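Structural overview
Listed below, chain by chain, are the residues.
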Amino acid sequence: MVKVLFPMIAPAALDVAGSPKAGLGQISKGPPLSEQDPKAPARSFGQRTRLVHAGRDPFEQHGFINTPIYRGSTVLSRSVKELQERRARFIYGTRGTPTTEALEKAWSEIAGAAGTVLVPSGLAAVSLALLSVVAAGDHVLVADSVYRPTRQFCDLVLHRLAVETTYYRPDLGADIQTFIRPNTRVIFTESPGSQSLDMQDIPAIADVAHRAGICLIMDNTWATPLFFPPHARGVDLAVEAGTKYLSGHSDLLLGLVSANAAFWPQLRQTFDAFAMCAGPEDVFLALRGLRSMDLRLREAERQALELAHWLAARPEVARVLHPAMSDYPGHAIWKRDFLGSSGLFSIILKPASPAAVAAMLDGLSLFGMGYSWGGFESLIIPFDCTDYRTATTWNPGGPSLRLQVGLEDIEDLKADLAEGFARLNATS
Ligand SMILES: Cc1ncc(COP(=O)(O)O)c(C=O)c1O
């Protein structure tokens, strides 16, 4: 059994900043926690210590530090009784292995969740979270700024299942109340939105949702639980594309859905019904990524902020969309609710032709052009939300670029962009 070094932290056990209250985390190199003297003084641990130890028990695997990759479908039982009563710790490959259990437990501890399931991609996590709570005839509210494939899932699959979607302005806050109908079952948020970086007042929305008995789902991929403890802020189901910062190396696809105690049973039940399980190698790599996630995320934050300030001073840039910058609309919400900012932000250029933007981007030598983010390498993409927003109008006044800032030397990144701006200026 994977020893839970840090017992599951219920949302109520987190202080307002989302940090564990002193005395909750306990670690032991000696007997299992269950055999320890309950009167022994508890030790508390910081986030990095928790990331290093969560979900691991080396002495379950001959002293080796990391939980190995268990591959397999069939799991043998020792007796008819054990088989029929499903007594064994593992039943079948789709239901979990020691490898998946290690990450599920670790993530639940880090996110302050009652339980977590692992699925093959971030988008699969979005769809599983929604399908765990809706039924035909229901209505869902979705922020207009969500990851576009989330919209496509709602418009195609939920629509086909007779679930109606209404998109709302991300800046509504408590006014979301006016959109609630008797059959509204879910509010789906993503804050900040992963292109336009719109912030949402999650605690205010959670308050409205819970008074109406509605499930609040949040795609928390931008901040991760390290910078936004979702369940402590009132989120019922939190989605994470582990493909991004948990992986950190652009070499896997993974999704995680964590739930508070109220929604855990139905999440787990729906997950088991689908058997939409993650691949063992990806889970192993994600466990490896987890151990250094805090360091990578904080470095991405530092680098991105430096680049964002540098870009704000460039004559070619009209606006920088970065929630941690003091002049950004939504900055006050970020400052109140978040514990940090990640390496993803956007800029709006002053008016420039498509040819000039292409000249800038095509010639970049360090910034790659490609989807996704959260890896060690810097990326840049042009984006345009004009065609698909329905509750808001996207009219930024110039070309929009999204940057994912990696771990390269920051001066090299600035030089790459400066050369790009020179090409932009030289092209009409
Ligand atoms: C905010 C957000 N959520 C979910 C996803 C989906 O993750 P995946 O690529 O693993 O399907 C992405 C991917 O870019 C994303 O940006």
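Residues numbered from 1 in each chain as written. Predicted model: local features only at pLDDT ≥ 70, side-chain atom pairs only at ≥ 80, totals over all residues. Heavy atoms only, no water.

Considering all chains together, one arrives at 21 salt bridges under this definition. A salt bridge links Asp201 to Arg336, with the nearest nitrogen and oxygen atoms 2.7 Å apart. Of the two residues, Asp201 is situated in the loop between strand E4 (184-190) and helix H6 (202-211) and Arg336 in helix H10 (residues 331-337); the sequence distance between them amounts to 135 residues. Of the residues examined, Arg336 reaches a relative accessible area of 47% and is grouped as partly exposed. (Salt bridge = Lys/Arg side-chain N within 4 Å of Asp/Glu carboxyl O. Helix = DSSP H or I, 4+ residues; strand = E, 2+ residues; numbered from the N terminus. Buried < 20%, exposed > 50% of the residue type's maximum accessible area, 1.4 Å probe, protein only.)

Turning next to the nonpolar core. Across soluble globular proteins, you tend to see nonpolar side chains buried next to one another. Counting residues in each nonpolar core, the largest one holds 88 residues, and the members touching the most others are Leu103, Leu130, Ile187, Ile217, Leu237, Leu246 and Leu254. Leu307, Ala308, Phe345 and Leu413 belong to the second-largest nonpolar core, a separate cluster that totals 25 residues. (Core = buried A, V, L, I, M, F, W, Y, C linked by side-chain atoms within 4.5 Å.)

Once that is clear, we can look at the sheet that holds strand E1 (residues 115-119). Across the sheet, seven strands lie side by side as E1-E7-E6-E5-E4-E2-E3; this open sheet has mixed pairing. Single-partner strands in this sheet number two, and they are E1 and strand E3 (164-168). This sheet shows a mean twist of 20° between the axes of neighbouring strands, independent of strand direction. On the sheet, helix H3 (residues 98-111) packs against E1, strand E6 (237-241) and strand E7 (255-259) and is oriented at approximately 130° with respect to E1. On the sheet, helix H4 (residues 122-133) packs against E1, E4, strand E5 (215-219), E6 and E7 and is oriented at approximately 165° with respect to E6. (Pairing = 2+ DSSP bridges. Axes fitted to C-alpha atoms, helices over the stretch in contact; angles between N-to-C directions. Contact = heavy atoms within 4.5 Å.)

This brings us to the site of the ligand. In the vicinity of the ligand there are 13 residues, among which Gly122, Leu123, Asp219, Thr243 and Lys244 approach most closely. In the environment of the ligand, an oxygen atom lies 3.0 Å from a nitrogen or oxygen atom belonging to the backbone of Leu123. Contact distances for the ligand include 2.7 Å between an oxygen atom and a side-chain N or O atom of Lys244. In the complex, 90% of the free accessible area of the ligand, which totals 390 Å², lies under the protein chains. The residue makeup of the shell around the ligand, split by class, is five nonpolar, five polar and three charged. (Near = heavy atom within 4 Å. Polar contact = N/O pair within 3.5 Å; in protein donor to acceptor, adjacent residues only side chain to side chain. Areas by Shrake-Rupley, 256 points an atom, 1.4 Å probe, with all protein chains shown as cover. Nonpolar A, V, L, I, M, F, W, Y, C, P; charged D, E, K, R; others polar.)

By the secondary structure assignment, Gly137 is in the loop between H4 and strand E2 (139-143). Residue Gly137 is classed as partly exposed on the basis of its relative accessible area, which comes to 41%. Through-space distance from the C-alpha of Gly137 to that of His159 is 9.9 Å; in sequence the pair is 22 residues apart. Ignoring any residue separated from it by four or fewer positions in sequence, one finds Gly137 in contact with Ala162 and Asn183.

As a further point, take the side chain of Gln303. The topology assignment puts Gln303 in helix H9 (residues 280-312). Residues within four places of Gln303 in sequence aside, it is in contact with Val405, Gly406, Leu407, Glu408, Ile410 and Leu413.

Another aspect to go through is the packing of H3 against H9. Where H3 meets H9, the axes come as close as 9 Å, and the angle between the chain directions of the two elements is 35°. For the crossing formed where H3 meets H9, the hand is left-handed. Taken together, the residues of H9 that come into contact with H3 (itself represented by Thr99, Thr100, Ala102, Leu103, Ala106 and Trp107) are Pro280, Val283, Phe284, Ala286, Leu287, Leu290 and Met293. Here the residues of the contact of H3 with H9 are counted per class, giving eleven nonpolar, two polar and no charged. (Left-handed = near helix turned anticlockwise from the far one by under 90°.)

With respect to burial, E4 is a largely interior element, six of its seven residues being buried. Looking at chain direction, E2 and E4 are connected through four bridges and run parallel. Bridge pairing in E4 places Val142 opposite Phe188. As judged from the five bridges shared by E4 and E5, these two strands associate in the parallel manner.

A few words on the confidence of the model for the protein. Within the protein, residue pLDDT values average 91, and 90% of them lie at 70 or more. Ranking the elements of the protein by mean pLDDT puts helix H2 (residues 80-84) last with 93 and E7 first with 99. (pLDDT = per-residue confidence, 0-100.)

Turning our attention to the packing of H4 against helix H8 (residues 264-274). Between H4 and H8, the least distance of the axes is 9 Å, while the angle of their chain directions is 115°. One way to sum up the angle between H4 and H8 is to call them roughly perpendicular. Helix-helix and strand crossings are classified by hand; for H4 and H8 the assignment is right-handed. Taking contact as the criterion, the partners of Leu128, Leu131, Ser132 and Val133 in H4 are, on H8, Gln266, Leu267, Thr270, Phe271 and Phe274. Looking at the contact of H4 with H8 residue by residue, the class counts come to six nonpolar, three polar and no charged. (Parallel < 35°, antiparallel > 145°, perpendicular 65-115°, else oblique.)

With 13 residues, helix H5 (residues 148-160) should cover 18 Å at 1.5 Å per step; its first-to-last C-alpha distance of 18 Å lies within 8% of that length. Cys154 marks where H5 bends most, by close to 25°. Among the residues of H5, those classed as buried are Thr150, Arg151, Phe153, Cys154 and Leu158. Where the residues of H5 are buried, they touch H4, E2, E3 and E4. Two residues or fewer after H5 comes Ala162, characterised by a positive phi angle close to 65°. (Expected span 1.5 Å × (residues − 1). Bend = angle between axes of the 7 residues up to and from the residue.)

A word on the packing of aromatic side chains. Inspection of the entire model under this criterion finds five aromatic pairs. Of the aromatic side chains, those joined through ring pairs into one cluster are Trp222, Phe228 and Phe338. The lysine or arginine in question, Arg151, covers the ring of Tyr167, its NZ or CZ lying 3.9 Å from the ring centre. In this arrangement the basic side chain of Arg233 is found over the ring face of Phe228, its NZ or CZ atom lying 5.7 Å from the centre. (Phe/Tyr/Trp six-rings, centres within 6.5 Å; stacked < 30°, edge-to-face > 60°. Lys NZ or Arg CZ within 6 Å of the ring centre and 35° of its normal.)

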